[in-house]
Amino acid sequence: MDRKIEKKTWTPKLIGSVLAGSLLLGFIIYQLVFADARSSMNVDRERLTIANVTRGEFTDYIPVSGSVEPGEIFYLDAIERGNIQEIIRESGSMVEKGDTLLLLTNSNLQLDVMQRETDLYFQINNLRQTRLLLDQNDLSQQAQLAEIDYQINLLRPQYDRFRELHQKKLISDRELEEVKEEYEYNLKRQRLTYASYRNDSIARSIQKKQLRDSEARMNQSLNGVGHILDNLVVKAPIDGQLTTEQIEVGQSINAGERYGQIDIIDKFKARVQIDELYLPRINTGLKGTFTFSGETYELEIAKIYPSVTGGRFEVDMVFTDDAPSGIRRGQTVRIRLELGESEQAVLLPTGGFYKDTGGNWVFVVNEETGKAEKRTIRLGRKNPEYYEVIEGLGEGEKVIVSGYENFGKNEVLNLSR
């Protein structure tokens, strides 16, 4: 007889399908919830530069180059044109103030000086002749006054006697009137002559003062003209070391032409060129150091030149103490110029990553997972060795500081050895 076969609900096939579906669903859930969906790439660790983030003293400085120059320079410029007649002191010689350096000759200048001296002597003689004429005119007027006074002195008693005789009817009216008229004429003449003499004396006094002043100026001019030829004898204005251009006997030097300089060699300074980017941060008093013959020397900015040429400006730095022994003009020194006070900070070594990220993010290495992950950071000041980390990194972390140009847009790097 037939027997009814009961159908099983959980067959092996069904159980296998359920298990497979569960595994697939779990994998999908894991990928959606737990798996790392960030883009990644494999990178050979040996090709990377990895640096440690540290905490230490951050010194805000920049390296600059300076050219050593004398602390004081006196330039030698020709005052008068001339040809070199004799070279007394050669370039490189130590000279003292007043030492003769060059002898120049200029025949045209000598003739011109002689002509100018002759003209001045002629003008001075004319002034003296004019002053002599004024003195003679003064004496002539005084003689006239003396003569008038003499006539009045003679006429006054005569006039008095004639008045008495006239009163006694001993002389006629006509005789008295003649004496009276002559006496009064001389009195009037005396008043007019004295007034004229007084006015002329004032004018003469002013004119003679002007003549004296003119003569004094002409004598000064004469003295100056006489010293023009002294400029053909070139002398050292100060003590120091003479440096001249390539000059030869017979060579012509024009007026105003610079042919050398005298350096005060017991003082030195450094002329430093700095990128215009740092112009707002540069002030007098900033200090810098450099090493010479194993010793460290300190300099200080004493002068800033505001003009910018080729994207750079210049400053003068002077030694805060004695200059190094053996240093020479023209030497180049590498100076560590400090822009601010040192202070404690989190430090990230410099590297090629900055040009790819602008300092906004870096790859931070996780030694446990063997990965490097992209992280946003914020950097502050920079010196040639370190960046100042404002936020995003902590002491002891490791960062890839070499260039990121080959990493594309990947956010995770799998570091292989």
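Just above, that's the structure.
Quick notes on the rules
The residue count restarts for each chain, going from 1 along the sequence in the order it is written. Restriction of local features to residues with pLDDT of at least 70 applies here, the model being predicted, together with a cutoff of 80 or more for giving and counting side-chain atom pairs; totals for whole chains, interfaces and linings are based on all residues. Excluded from the side-chain calculation are hydrogens and water; included are all heavy atoms of the structure. Helix and strand assignments follow DSSP, with helices taken as H or I runs no shorter than four residues and strands as E runs no shorter than two, numbered in order from the N terminus. In this setup the radius of gyration rests on C-alpha atoms only. A globule is expected at 2.2 Å times the number of residues raised to 0.38. Relative accessibility decides the category of a residue: with a 1.4 Å probe and only protein chains considered, values under 20% of the type maximum give buried, values over 50% give exposed, and everything between is partly exposed. Here the accessible surface of atoms and residues is derived via Shrake-Rupley with a 1.4 Å probe, and residues count as covered only by protein chains that are part of the display. Note on geometry: axes are C-alpha line fits, over the in-contact stretch for helices, and angles between N-to-C directions span 0 to 180 degrees. Every angle not falling under 35 degrees, over 145, or within 65 to 115 is termed oblique; those three ranges are roughly parallel, roughly antiparallel and roughly perpendicular. Rotating anticlockwise by less than a right angle from the far helix to the near helix defines a left-handed crossing, while the corresponding clockwise rotation defines a right-handed one. Note on pairing: two strands pair once DSSP finds at least 2 bridges between them. In what follows, a contact means two residues having at least one pair of non-hydrogen atoms within 4.5 Å. Method remark: on a 1 Å grid restricted to protein atoms, a set of points is classed as a cavity if a 1.4 Å probe fits but cannot get out and as a pocket if it is open with protein on both sides within 12 Å along at least five of seven lines; lining residues have an atom within 4 Å of a point. Grid points are joined across faces, edges and corners, and a volume is the space filled by probe spheres set on the points. All amino acids are sorted into three groups, where Ala, Val, Leu, Ile, Met, Phe, Trp, Tyr, Cys and Pro are nonpolar, Asp, Glu, Lys and Arg are charged, and the leftover types, Gly among them, are polar. What we call a nonpolar core is a set of buried Ala, Val, Leu, Ile, Met, Phe, Trp, Tyr and Cys residues that are connected through their side-chain atoms within 4.5 Å. Should a side-chain nitrogen of Lys or Arg be within 4 Å of a carboxyl oxygen of Asp or Glu, the pair is scored as a salt bridge. Each Phe, Tyr or Trp ring (for Trp, its six-membered ring) is paired with any other whose centre lies within 6.5 Å, and the angle between the two planes then decides the class: stacked below 30 degrees, edge-to-face above 60, tilted in between. How far a helix is expected to stretch is found by multiplying one less than its residue total by 1.5 Å. Each polar contact in these results corresponds to two N or O atoms within 3.5 Å; when the atoms are within protein, one needs to be able to donate a hydrogen and the other to accept it, and residues that are neighboring in sequence are counted only if both atoms are side-chain atoms.

Undergrad: Help me get a handle on the overall build of the protein chain, residues and values and all.
TA: A tally of helices and strands in the protein chain yields 4 helices and 22 strands. In terms of C-alpha radius of gyration, the protein chain reaches 53 Å, well past the compact-globule figure of 22 Å for 417 residues. With the C-alpha coordinates of the protein chain rotated into their principal frame, the extents come out at 220 × 65 × 35 Å. Every one of the 417 residues in the protein chain was classed for burial, and the buried ones make up 30%. Surface accessibility of the protein chain: about 26900 Å² in total, with carbon and sulfur atoms responsible for 49%.

Undergrad: Explain the packing of helix α2 (residues 107-167) against helix α3 (residues 173-228) residue by residue, including any values.
TA: Between α2 and α3, whose axes approach to 7 Å, the crossing angle comes to 165 degrees. The angle between the axes of α2 and α3 places the two elements in the roughly antiparallel class. As for how α2 packs across α3, the hand of that crossing is left-handed.

Undergrad: So, the pairing of strand β20 (residues 386-391): which residues are in play, and what are the values?
TA: Put simply, side chains in a regular strand alternate between the two faces of the sheet. Both strand β16 (residues 343-349) and β20 contribute to a ladder of 4 bridges, which runs antiparallel. The residue of β20 that forms the bridge with Val346 is Val389. Bridge count between strand β19 (residues 378-382) and β20: 3 bridges; the pairing is antiparallel. Note that in β20 the partner of Lys382 across the bridge is Tyr387. The loop that links β19 with its antiparallel partner β20 comprises 3 residues.

Undergrad: Before we move on, could you go through the environment of Glu385 and cite the residues and values that matter?
TA: Position of Glu385 relative to the elements: it lies in the loop between β19 and β20. Along the backbone, Glu385 and Lys371 are 14 residues apart, and their C-alpha atoms lie at a distance of 26 Å. Each residue touching Glu385, except ones within four places of it in the same chain, is listed here: Tyr61, Leu348, Pro349 and Thr350.

Undergrad: Account for empty space enclosed by the protein, with residues named and values stated.
TA: For the structure on display, the rule yields 1 cavity of 30 Å³ or more. Looking at the largest cavity, its volume works out to about 30 Å³. Lining the largest cavity, in full, are Leu76, Ile87, Arg89, Leu101, Leu102, Leu242, Thr244, Ile247 and Tyr259. Of all elements in the fold, only β7 (100-105) and β9 (240-244) reach the threshold of two or more residues within the lining of the largest cavity. Looking at the lining of the largest cavity residue by residue, the class counts come to 7 nonpolar, 1 polar and 1 charged.

Undergrad: Account for the layout of surface pockets, naming residues and giving values.
TA: One number sums up the size of the largest pocket: a volume of about 210 Å³. Looking at the largest pocket, the residues that line it are Tyr75, Leu76, Asp77, Ala78, Ile79, Asp230, Asn231, Val233, Val234, Lys235 and Tyr259. Contributions of two or more residues to the lining of the largest pocket are made by β4 (61-77) and β8 (233-235). Size it by volume and the second largest pocket reaches roughly 150 Å³. As for the second largest pocket, its lining consists of Asp60, Tyr61, Ile62, Pro63, Tyr278, Arg281, Leu339, Arg381, Lys382, Asn383 and Pro384. When grouped by side-chain class, the residues that make up the lining of the second largest pocket number 6 nonpolar, 1 polar and 4 charged.

Undergrad: Break down the nonpolar core for me, with residues and values.
TA: With 29 residues, the main nonpolar core has Ile84, Leu101, Leu102, Tyr259 and Ile262 as its most contacted residues. Contributions of two or more residues to this core are made by β5 (82-87), β7, α2, α3 and β11 (258-275). Once residues within four sequence positions are removed from consideration, Leu102 is found in contact with Ile84, Glu86, Ile87, Ile88, Leu232, Val233, Val234, Ile247 and Tyr259. By size, the runner-up hydrophobic cluster in this structure holds 25 residues, among which are Val43, Phe353, Ile377 and Leu413.

Undergrad: Any chance you could break down the sheet that holds β5 for me, citing the residues and the numbers?
TA: Taken in spatial order, the 4 strands line up as β8-β7-β5-β10 in an open sheet, and their pairing is antiparallel. Each edge of the open sheet carries a strand with a single partner, namely β8 and β10 (252-253).

Undergrad: Lay out the pattern of salt bridges in plain terms, naming residues and giving numbers.
TA: Overall, the coordinates contain 27 salt bridges when judged by the stated rule. Between Arg271 and Asp316 there is a salt bridge, and its shortest N-O distance comes to 2.4 Å. Of this pair, Arg271 sits in strand β11 while Asp316 sits in strand β14 (residues 312-319), placing them 45 residues apart in sequence. The class for Asp316 is buried, based on a relative accessible area of 5%. When the shortest N-O distance is used, the salt bridge between Glu367 and Lys398 registers 3.3 Å.

Undergrad: How would you summarise the packing of aromatic side chains if you had to cite specific residues and measurements?
TA: Here the structure, examined in full by the defined rule, presents 11 aromatic pairs. A centroid spacing of 5.5 Å and a plane angle of 90 degrees characterise the contact between Trp361 and Phe363, whose relative ring orientation is edge-to-face. Judged by relative accessible area, Phe363 falls into the buried class, the value being 0%. Between Phe363 and Phe407, the aromatic rings sit 5.5 Å apart at their centres with planes inclined by 80 degrees, giving edge-to-face as the arrangement.

Undergrad: Account for α2, with residues named and values stated.
TA: Taking 1.5 Å per residue, 61 residues should reach 90 Å; α2 reaches 90 Å between its end C-alpha atoms and fits that length. The residue sitting at the N-terminus of α2 and contributing the capping side-chain oxygen is Asn106; that oxygen lies 3.2 Å from the backbone nitrogen of Asn108. Backbone geometry just downstream of α2 places Lys169 in the positive-phi region, at approximately 65 degrees.

Undergrad: Talk me through the sheet that holds strand β17 (residues 361-366); I want residue IDs and the actual numbers.
TA: The strand order β1-β22-β18-β17-β21-β2 describes an open sheet built from 6 strands, whose pairing is mixed. The outermost strands of the open sheet, each flanked by one partner alone, are β1 (40-44) and β2 (50-52). Here the average twist between neighbouring strands, direction ignored, is 35 degrees. As paired strands, strand β18 (residues 371-376) and strand β22 (residues 412-416) are joined by 3 bridges and run antiparallel to one another. Bridging from a neighbouring strand, Lys371 pairs with Asn414 of β22.

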